[in-house]
Amino acid sequence: MAIHERSLVEPERILRKERLVIDGVDVSGDWNLIILPRVINDYDLDFAKDVMNSPDGKTITQCYQCSYCTASCPVHNYWDERYNPRHFIYLARLGMIDELQKRADVMWRCVSCHKCTHRCPKGVLVEEVLKAILRAMAKKGLVEEYPSKKFDKFFTESVLEYGRIEDGELLFGWIEKQGYRVFKDPILKKPIPFIGETPEWLKQLTVKPLKSMNIGFLVLNAKHMLFHPRTKNWSKFKQVLRKVMQEEGALH
Ligand code: SF4
Ligand code: SF4
């Protein structure tokens with residue numbers, strides 16, 4: 001099953017002389033590259049079983065390590081080569097949790113483009129499998145909670161509260177939750193966009209589309225941010241919805 005990319009081998013395990021002549025034959029360059037073997041004693045096959053037994057992790061057993069998924073993954077190719085779907089699957093199947101943990105900082109970076117899944121010749125639902133691996137790790141307390149889950153919670157709470165969302169309030173409320181100081185009007189305590197510590201990336205992301213927006217739409221948005229309208233009869237419906245979601249385990 002193992003096919004290793006050079007980037008996955010620790011530099012200290014790679015031996016290669018710049019210039020090497022043996023019996024008069026020049027074998028400099030890649031010909032003299034040696035990868036030192038390693039012995040792995042520490043693996044947890046129960047972890048692999050957890051992934052395989054979860055509904056979205058089942059197809060992990062179909063992987064034959066061709067690496068098509070990694071070759072098509074934009075996160076691997078344009079962001080960080082340590083993000084490597086094929087390798088995560090490989091490590092998970094061997095139960096090499098320590099190795100997975102070393103990459104915990106990049107493992108959440110999947111952008112859910114599904115290119116990997118479309119390219120996989122073995123029908124592995126790659127993105128789902130990766131999430132199943134992360135969930136199994138989170139369950140064991142080996143990685144922090146999926147960051148976008150925090151946003152999901154915030155989004156859900158907003159919908160539950162008002163029966164609808166206001167893009168502006170959602171965005172600036174979320175920024176505040178990330179620890180930035182957002183300025184609020186003194187009476188209604190609603191966030192006032194772009195006053196406070198709005199991160200530069202957000203200013204750039206927002207200002208451009210704002211410039212091309214219809215003025216009526218902008219005024220309506222500002223009004224809704226200040227006087228948050230609720231869906232009619234929402235307070236009753238909200239209680240029912242919250243109860244159902246709690247029963248279904250969709251609220252934590
Ligand atoms: S493309 Fe499919 S079979 Fe190939 S390494 Fe990725 S998941 Fe495994
Ligand atoms: S869905 Fe995730 S893992 Fe798959 S190609 Fe896109 S970014 Fe990479």
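Everything discussed here concerns the structure shown above.
Computed from a predicted model, the values in this text were never measured in an experiment.

Reading guide: rules and limits
- Residues numbered from 1 in each chain as written.
- Chains lettered and ligands numbered in written order.
- Predicted model: local features only at pLDDT ≥ 70, side-chain atom pairs only at ≥ 80, totals over all residues.
- Heavy atoms only, no water.
- Patch = residues over 30% accessible without salt bridge, like charges linked within 9 Å, V, L, I, M, F, W, Y side chains within 5 Å.
- Areas by Shrake-Rupley, 256 points an atom, 1.4 Å probe, with all protein chains shown as cover.
- Salt bridge = Lys/Arg side-chain N within 4 Å of Asp/Glu carboxyl O.
- Helix = DSSP H or I, 4+ residues; strand = E, 2+ residues; numbered from the N terminus.
- Buried < 20%, exposed > 50% of the residue type's maximum accessible area, 1.4 Å probe, protein only.
- Near = heavy atom within 4 Å.
- Nonpolar A, V, L, I, M, F, W, Y, C, P; charged D, E, K, R; others polar.
- Contact = heavy atoms within 4.5 Å.

Before we move on, could you go through a nonpolar patch on the surface and cite the residues and values that matter?
Together, Ile187, Leu188, Leu226 and Phe227 line one region of the surface with nonpolar side chains, adding up to about 410 Å² of accessible area. Structurally, the position occupied by Phe227 is in the loop between helix 12 (215-226) and helix 13 (234-247). Take Phe227: its relative accessible area is 54%, and that puts it in the exposed class.

Go over unusual backbone geometry with me, naming the residues and quoting the values.
In this structure, Asp23 is a non-glycine residue whose phi angle is positive, near 50 degrees. Mapped onto the elements, Asp23 comes out in the loop between strand 2 (21-22) and strand 3 (25-26). Despite not being glycine, Ser67 shows a phi value in the positive range, around 80 degrees. Locating Ser67 in the fold gives a position in the loop between helix 1 (45-53) and helix 2 (68-72).

Describe the site of ligand 1, listing the residues and the values that go with them.
Cys63, Cys66, Ser67, Cys69 and Cys120 are the nearest of the 14 residues found near ligand 1. Going through the elements one at a time, helix 2 and helix 4 (85-94) are the ones with two or more residues in the shell around ligand 1. Partitioning the shell around ligand 1 into residue classes produces ten nonpolar, two polar and two charged.

Let's hear about the side chain of Ser67: which residues, and what values?
Residue classification places Ser67 among the buried positions, given a relative accessible area of 15%. Discounting residues that sit within four places of it in the chain, Ser67 has contacts with Glu5 and Arg86.

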